[in-house]
Amino acid sequence: MSVLLRQIPGNIPQDMRKIRIENSHLTELPRGSFGNISALEYLWLNFNNITVMHIKSLEYLPALKELRLQGNKLSSVPWTAFQDTPALKILDLKHNRLDVLPEHALRYLPNLTYLDLSSNQLTVISRDVFYSWPVYQRSQRAEGQIEAISNAVLALHDNPWICDCRLRGFVQFIKSVGPPIILMNSYLTCSSPKFRAGKFFHEVELNSCMKPLTSALDTNLTVPVGLNVTLTCFVQASPFPAVWWTYALKLLRPFNVSTEPISEETVRSELLIPAARPVDAGNYTCTASNFLGNTSVAITLQVRAPWASTPASGWAPIGPAEPGAHVEVRIAKQTVYGITLEWFAAAAAEPGETWYTLLVGRYDAAQKDAIYIGPGVNTYSVTDLLPATKYEVCVAVRNQAPRKGQCVVFVTGSDVSQLEQREKLIHIIVIVCAMVLAVPAGMYACTAEARPGCLARCPGACPRRRRGGQAQAAGSKESTLDSLPAGSEDGLCRPEGGHGGRRPLAREEPGKTRPPHRNSADLY
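Now for a quick tour of the structure.

Conventions and cut-offs
Residues numbered from 1 in each chain as written. Predicted model: local features only at pLDDT ≥ 70, side-chain atom pairs only at ≥ 80, totals over all residues. Heavy atoms only, no water. 1 Å grid on protein atoms, 1.4 Å probe; cavity = no way out; pocket = protein on both sides within 12 Å on 5 of 7 lines; lining within 4 Å. Points joined across faces, edges and corners; volume = space filled by probe spheres on them. Nonpolar A, V, L, I, M, F, W, Y, C, P; charged D, E, K, R; others polar. Helix = DSSP H or I, 4+ residues; strand = E, 2+ residues; numbered from the N terminus. Buried < 20%, exposed > 50% of the residue type's maximum accessible area, 1.4 Å probe, protein only. Polar contact = N/O pair within 3.5 Å; in protein donor to acceptor, adjacent residues only side chain to side chain. Contact = heavy atoms within 4.5 Å. Pairing = 2+ DSSP bridges.

## A closer look at empty space enclosed by the protein
- Inspection of every chain in the model, using the stated rule, returns one cavity of 30 Å³ or more.
- Size it by volume and the largest cavity reaches roughly 110 Å³.
- Around the largest cavity, the lining is made up of 13 residues, and of these Asp164, Cys165, Arg196, Ser238 and Glu264 lie nearest the centre.
- Split by residue class, the lining of the largest cavity holds seven nonpolar, two polar and four charged.

What follows is the structure, given as structure tokens:
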């Protein structure tokens, strides 16, 4: 007792009939642990740290009657090892970590009169475990006969039983069992699921197991942009299934998914998509699985933009404009990779609840990317711009089409090397037309509504171009925008009806040789 032993001593006398080694830190029972003690009848190894029991650890012990392994750390037992102990009558395994009892577990214990499996981790047991027990089989054959059969005490309490369809047969066995099999504690209780936790076996009625059946109230949803969307699927199954959501064959993160039972055989699973955007559109699949199989249901989500994508010639709102809601927009900053826009909604009804839509893309693109900005935000950075390309950016209140002054047209400079990109800004040539915005030095803006013939209609707004270089000649020696790709010249300021009379932004001084090609940073 309480001696630090790491293994079974090898010098035990051969005629020993009873061995008791407790609190001695034994960790395993190797093969032939007691092979030289064939007369052994009582073996107590309680309160050690035994985690492994070899399948031949009880070899050469035909006279063993009592084996006590209480308070160890066994998670499994090699039940076929008891073929070597046919005389065993008492088997004590309480306070271990057993979580499985196979169907053949009791088949090799024909003379057992006491079996204690209490205070383990058993959750589900098949009734066939006991139907194949020789003690139970003898009791069924002797029913109604005078033949006397010894009682067998069975302890199964204090285990975390899962009371679902898998335990149905075992619960029926417990309800019907009687002498000669006697339960030490007949009030076995359920630990889960939650709605059955704490109930006694004789209080529950369990149904047969069922493969999952998934369904959804609506498999095709259309929602407006910015709305929080909850996709819901219902699953009927027994036992309760594992449920997960996938989108484009990717498993969605569980913190956006909540699954809870709403009845004994029905589970509701919800997927939350906060502030839905067009990129969230697509097919979402809810899949449920238990040991009988799995099924799934697909839900199609469509996200409706405030207005459909429109060609560059104009914009059409899908709803009435809010009176007085006008957005003033300007280019606030240039960066190495793009620009930063800033806007202010004048006379907005509720500025703290106003959503904005940014339409960004190449000037000649039939469709532009829509970006939806929530309340309280009035800046946005447009990055990854292509060099020598004309872009258009519009800002509008959510349910409006862009108005005059809410679009900015600009042209990015020619490409530079990676080293230069790190050292210089992407200088942007902004076309002056209907209005001049508050932009950084050397930059001007043109609204989308005043593109045709702006020189004829806005003579006072383009002084730098009309005077042929008074303001720009000093800093921009040449710039004909010849490096723009196809389509990027459309909409530049030019006289009405003119097709080939485009003026250069600056005149070359007489007698000065034309310099080699320079990037747009040199234009400033």
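## Let's talk about unusual backbone geometry
- In this model, Ser192 is joined to Pro193 through a cis peptide bond whose omega is -5°.
- Looking at where Pro193 falls in the secondary structure, it is placed in the loop between β11 (190–192) and β12 (210–215).
- Cis geometry is adopted by the peptide bond preceding Pro239, which originates at Ser238 and carries an omega value of 0°.
- On the secondary structure map, Pro239 appears in the loop between β14 (229–238) and β15 (242–247).
- Notably, His25 is not glycine yet its phi reads approximately 65°, a positive angle.
- Along the chain, His25 turns up in the loop between β1 (18–20) and β2 (28–29).
- In this structure, Asp158 is a non-glycine residue whose phi angle is positive, near 60°.
- Within the element layout of this structure, Asp158 appears in the loop between β8 (152–155) and β9 (161–162).
- Take Asp158: its relative accessible area is 56%, and that puts it in the exposed class.

## Topic: the side chain of Ser57
- Tracing the backbone shows Ser57 in the loop between β4 (52–53) and β5 (66–68).
- The buried category is assigned to Ser57, whose relative accessible area is 1%.
- There is a polar contact of 2.8 Å between the side chain of Ser57 and the backbone oxygen of His54.
- Residues in contact with Ser57, not counting those within four places in the same chain, are Leu29, Pro30, Arg31, Gly32, Ser33 and Phe34.

## Things to note about the sheet that holds β15
- Read across the sheet, five strands follow the order β13-β20-β19-β15-β16 without closing on themselves; strand pairing throughout is mixed. Both edges of this open sheet fall to β13 (220–224) and β16 (250–251), since each of them pairs with a single strand only.
- The pairing of strand β19 (residues 282–290) with strand β20 (residues 293–304) spans nine bridges and is classified as antiparallel. Bridging across to β20, Asn283 finds its partner in Thr300.

## A look at the pairing of strand β27 (residues 407–412)
- Among the six residues that make up β27, six are buried, leaving the element largely enclosed by the rest of the structure.
- In terms of strand pairing, strand β26 (residues 390–397) meets β27 through five bridges, oriented antiparallel. By the bridge assignment for β27, Lys390 is matched with Val411.

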